[in-house]
Amino acid sequence: MALIVQKYGGTSVASAERIGAVADRVARSRAAGHQVAVVVSAMAGETDRLLGLAASLRHPPRGRELDVVLASGEQASIGLLAMALEARGCPACSYTGAQVPIRTDSSFNRARILEIDGRRIRSDLEAGRVVVVAGFQGADEEGSITTLGRGGSDTTGVALAVALQADECQIYTDVDGVYTADPRIEPNARRLDRLTFEEMLELSSLGAKVLQIRAMEFASKYRVPLRVLSSFEDGPGTMIVPEDEEEGMEQPLISGIAFNRDEAKITVHRVPDRPGVAYRLLADIAAANIEVDMIVQNAAPEHDETDFTFTVNRNDYERAREMVDPVAEELGAERVTGDPRIVKLSLVGVGMRSHAGIASRMFDALARESVNIQMISTSEIKISVVVDERYLELGVRALHEAFDLHDG
Ligand code: ADP
Ligand code: ASP
Ligand code: MG
């Protein structure tokens, strides 16, 4: 007998019929002798609907009350799934985040899980019940409802697996595993049988929404055996494993391509090239907790001036401009320009460590399609470029082809 955490995403619980199909799957696992803790998302589209409603009353929607609204989506799902299980003769009990309790900090809308008390859940499991836990939510010290950021049910699933010391955490979704690229953008993408934590962590952080980045942080920190599977069809899925388990196996050069369309670029032109300028330009942005991703500085020595470019999340673009524009003027910069219509394309693979020439092959593939590269950044196992958003699909496909990632 194993203890399994199964997480089902929004499309997997999108209708009463699909909730019934999830209940069948859960009941089968229990009938096979396993203890099953289920984590569910809100029905597909529900979180967006609630967010839209909230935005119509307070723009931009944020803060404590937004979390009260958003958490209701997952609350409906857990009750419905528990009822579907009971209708199948499978005893079940639902829990909101606060009921578990899943304790988080008080950063409403993007809270972090601090602690999960698994005692109530464990005694339910031991009594033979399936527990159904609401994803994406918790409660802070005061008992206020919090949510974990979009895609946060993945994090609930993995964190619960850690708390219960589960044998496996299964992420059921609308694709049958992790692919070499988002199969919605690259039809020739190939399902990967295995992937290391490090690679998946990198893919998630670079935009692959199949697993939320925080879920991957938890999974790799606590080495939770993780599998991504389809909730619609049976199959082996993708197993995500520690790198040392992969030793001896031949590593592919590139494991996947990720993209992120949520970024925007800001350039400060011809700002004086002297100590403290980068600090001044970014100080207010950092203080406002706005995350800066890529930074490129091009000095023109003959003029003692430099161009300073950086990217932020598109949602933070306007706010970042409001902070940078006056500082740039104060520093004597020529002007500030911005472009919210960019995307970041990235190649990821642990095989990059031991191979030279990947970057030039990447740049060549993009050049052949006349895709202009605006920014570049590299690390040990990834290379990212910023390009105009209209080249997203062309760029992904060109890279997929250039690195032979397709089937067969
Ligand atoms: P869920 O609602 O189940 O959490 P998500 O929409 O959050 O599902 O994540 C699944 C989606 O992730 C897929 O439908 C797919 O479009 C997207 N995706 C992005 N990159 C990849 C990838 N490399 N492999 C598989 N799916 C990916
Ligand atoms: N329902 C939330 C969202 O849409 C959380 C999740 O599905 O993981 O972002
Ligand atoms: Mg998701």
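Residues numbered from 1 in each chain as written. Chains lettered and ligands numbered in written order. Predicted model: local features only at pLDDT ≥ 70, side-chain atom pairs only at ≥ 80, totals over all residues. Heavy atoms only, no water.

Peer 1: Before we move on, could you go through helix H1 (residues 16–31) and cite the residues and values that matter?
Peer 2: The terminal C-alpha atoms of H1 lie 22 Å apart, and with 16 residues this matches the ideal 22 Å at 1.5 Å per residue to within 8%. Considered for burial, the residues of H1 that qualify are Ile19, Gly20, Val22, Ala23, Arg25, Val26, Ala27 and Ser29. Structurally, H1 contributes buried residues whose contacts are with strand S1 (3–8), strand S2 (35–40), helix H3 (64–87), strand S6 (130–134), strand S9 (168–173) and strand S11 (226–230). (Helix = DSSP H or I, 4+ residues; strand = E, 2+ residues; numbered from the N terminus. Expected span 1.5 Å × (residues − 1). Buried < 20%, exposed > 50% of the residue type's maximum accessible area, 1.4 Å probe, protein only. Contact = heavy atoms within 4.5 Å.)

Peer 1: Residues and numbers for the sheet that holds strand S16 (residues 305–313), please.
Peer 2: The strand order S15-S16-S14-S17 describes an open sheet built from four strands, whose pairing is antiparallel. Two strands bound the open sheet, and with one partner strand each, they are strand S15 (292–300) and strand S17 (335–339). Neighbour to neighbour, the strand axes of the sheet diverge by 15 degrees on average, direction disregarded. In the sheet, strand S14 (residues 263–272) pairs with S17 via five bridges, with the strands oriented antiparallel. When the sheet's bridge partners are listed, valine 268 is paired in S17 with valine 336. Across the face of the sheet, helix H8 (residues 277–287) comes into contact with S14, S15 and S16 while running at roughly 25 degrees to S16. The strands touched by helix H9 (residues 317–331) are S14, S16 and S17; relative to S14, the strand with the most contacts, the crossing angle is about 5 degrees. (Pairing = 2+ DSSP bridges. Axes fitted to C-alpha atoms, helices over the stretch in contact; angles between N-to-C directions.)

Peer 1: Describe the pattern of salt bridges, with residues and values.
Peer 2: When charged atoms on two side chains of opposite charge get close, those side chains can pair. Evaluated as defined, the whole model comprises 27 salt bridges. Residue glutamate 334 pairs with arginine 270 through a salt bridge whose shortest N-O separation is 3.7 Å. Highlighted residues: glutamate 334 in the loop between H9 and S17 and arginine 270 in strand S14, separated in sequence by 64 residues. The closest approach of N and O atoms between lysine 344 and aspartate 293, which form a salt bridge, is 2.6 Å. Of this pair, lysine 344 sits in strand S18 (residues 342–348) while aspartate 293 sits in strand S15, placing them 51 residues apart in sequence. We classify lysine 344 as buried; its relative accessible area is 4%. One network of salt bridges, with partners in common, ties together Arg270, Glu305, Glu334 and Arg335. (Salt bridge = Lys/Arg side-chain N within 4 Å of Asp/Glu carboxyl O.)

None of the figures reported here should be taken as evidence of function without further support.
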